[in-house]
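Fold and geometry: a report
If you want the building blocks of each chain, they are given just below.
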Protein chains: 2
Amino acid sequence: MQLSQNISPALNGILETAVYAEDLDVAREFYGGILGMEEVTATEGRHVFFRCGKTMVLVFNPNETVKQPFEKSLPIPPHGSNGPIHVCFSAPPGAIESWTAHLQKNDIEIESKITWPNGARSVYFRDPAGNSLEFAEPKLWDYDPDESN
Amino acid sequence: MQLSQNISPALNGILETAVYAEDLDVAREFYGGILGMEEVTATEGRHVFFRCGKTMVLVFNPNETVKQPFEKSLPIPPHGSNGPIHVCFSAPPGAIESWTAHLQKNDIEIESKITWPNGARSVYFRDPAGNSLEFAEPKLWDYDPDESN
């Protein structure tokens, strides 16, 4: 491995993750309605942003975000992808069972359940755009289950 | 909005975010070497995972992750996308300047710098696969800058 120039500064962790969905109204019903995330802001046809713990879930319409920003807009670089993206959320202690039941009551198919070698558990499902979502116990990665992200 | 069945359980926030890159060796040099993230685990040709604060950055080769899992493997649902994905990391107080300098010393082009209406600052750049990365001050979303994700 090539040595980096100097030691890298610190990072606190992920602040925002993006998922892409053409139908933002359906996404809003899912992330806001079923997953119960607080909607923070939206631009019709372009994006809807949700709060999740100390992090943000940004749902973007890729047909808009791939475009270069307008001259008078904030210079946000283009982005956008096709195909299912994976995102995992941290479930508090005891929440895996509650979430599994909640998803099923809302007719969301549980695609997979895994108990990992270290005993941590995950449940997988899809958002309406087909992105692969997961709730996992943070001890999966040796994180303290009582600390919020 | 259609009312969800019951109140949703709690979530602590994002635990894992995925980025897709066909060349995992180059990704390792970037995320591990330049961004200084601790490598946690890897499967050659398929993925390399990094720790970032109390979260995880999962770099996947989409050519492998789109495949259905083998019969004797853990039943991890397929995923994978084409095109640049956006991810934002939380920068501690004062780190935006340090990161900007560090990226430039490592010949990473700064694509954009933004000061948001509430005074929070962001710097944007690309990973080798073209994913759109950002370091931002967490007050962008009214999060306490001294709390780690």
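Note that the structure is a prediction, hence the values are computed from the model and not measured.

1. Some words on the interface of chain B and chain A
Contacts between chain B and chain A engage 82 residues on the former and 82 residues on the latter. Summing both partners gives a buried area of about 6,900 Å² for chain B against chain A, and 62% of it is carried by carbon and sulfur. The interface formed by chain B and chain A includes zero salt bridges. On the surface where chain B and chain A come into contact, there are 35 residue pairs in polar contact (both at pLDDT 80 or more). Residue classes in the side of chain B that touches chain A are distributed as 42 nonpolar, 27 polar and 13 charged.

2. Section: the sheet that holds strand β1 (residues 13-20) of chain A
An order of β2(A)-β3(A)-β4(A)-β1(A)-β5(B)-β8(B)-β7(B)-β6(B) is seen for the eight strands of this open sheet, with the pairing classed as mixed. Edge strands, defined here as strands with exactly one partner in the open sheet, are β2 (38-43) of chain A together with β6 (112-115) of chain B. When the angles between neighbouring strand axes are averaged without regard to direction, this sheet yields 20°. Here helix α3 (residues 95-105) of chain B sits on the sheet in contact with β6, β7 (121-126) and β8 (132-136) of chain B, set at roughly 20° to β7(B).

3. A closer look at the sheet that holds strand β1 (residues 13-20) of chain B
An order of β6(A)-β7(A)-β8(A)-β5(A)-β1(B)-β4(B)-β3(B)-β2(B) is seen for the eight strands of this open sheet, with the pairing classed as mixed. Of all strands in the sheet, those with a lone pairing partner are β6 (112-115) of chain A together with β2 (38-43) of chain B, marking the two edges. Taken pair by pair, the neighbouring strands of this sheet meet at an average axis angle of 20°, ignoring direction. Sitting on the sheet, helix α3 (residues 95-105) of chain A touches β6, β7 (121-126) and β8 (132-136) of chain A, and the angle it makes with β7(A) is about 20°.

4. Notes on the pairing of strand β4 (residues 55-60) of chain A
All names here are of chain A. By the criterion of burial, β4 is predominantly enclosed, with six of the six residues buried. Across the two faces of β4 the burial is the same, with T55, V57 and V59 and M56, L58 and F60 all buried. Note that β1 and β4 share five bridges and pair parallel. Bridge pairing in β4 links E16 to M56. The sheet contact formed by strand β3 (residues 47-52) and β4 spans six bridges and is antiparallel. Residue pairing across strands places R51 opposite M56, the latter belonging to β4. Where β3 folds back on β4, the antiparallel hairpin that results is connected by two residues, among which G53 adopts a positive phi of roughly 60°.

What counts and what doesn't
- Residues numbered from 1 in each chain as written.
- Chains lettered and ligands numbered in written order.
- Predicted model: local features only at pLDDT ≥ 70, side-chain atom pairs only at ≥ 80, totals over all residues.
- Heavy atoms only, no water.
- Contact = heavy atoms within 4.5 Å.
- Buried area = accessible area lost by both parts, 1.4 Å probe.
- Salt bridge = Lys/Arg side-chain N within 4 Å of Asp/Glu carboxyl O.
- Polar contact = N/O pair within 3.5 Å; in protein donor to acceptor, adjacent residues only side chain to side chain.
- Nonpolar A, V, L, I, M, F, W, Y, C, P; charged D, E, K, R; others polar.
- Pairing = 2+ DSSP bridges.
- Helix = DSSP H or I, 4+ residues; strand = E, 2+ residues; numbered from the N terminus.
- Axes fitted to C-alpha atoms, helices over the stretch in contact; angles between N-to-C directions.
- Buried < 20%, exposed > 50% of the residue type's maximum accessible area, 1.4 Å probe, protein only.

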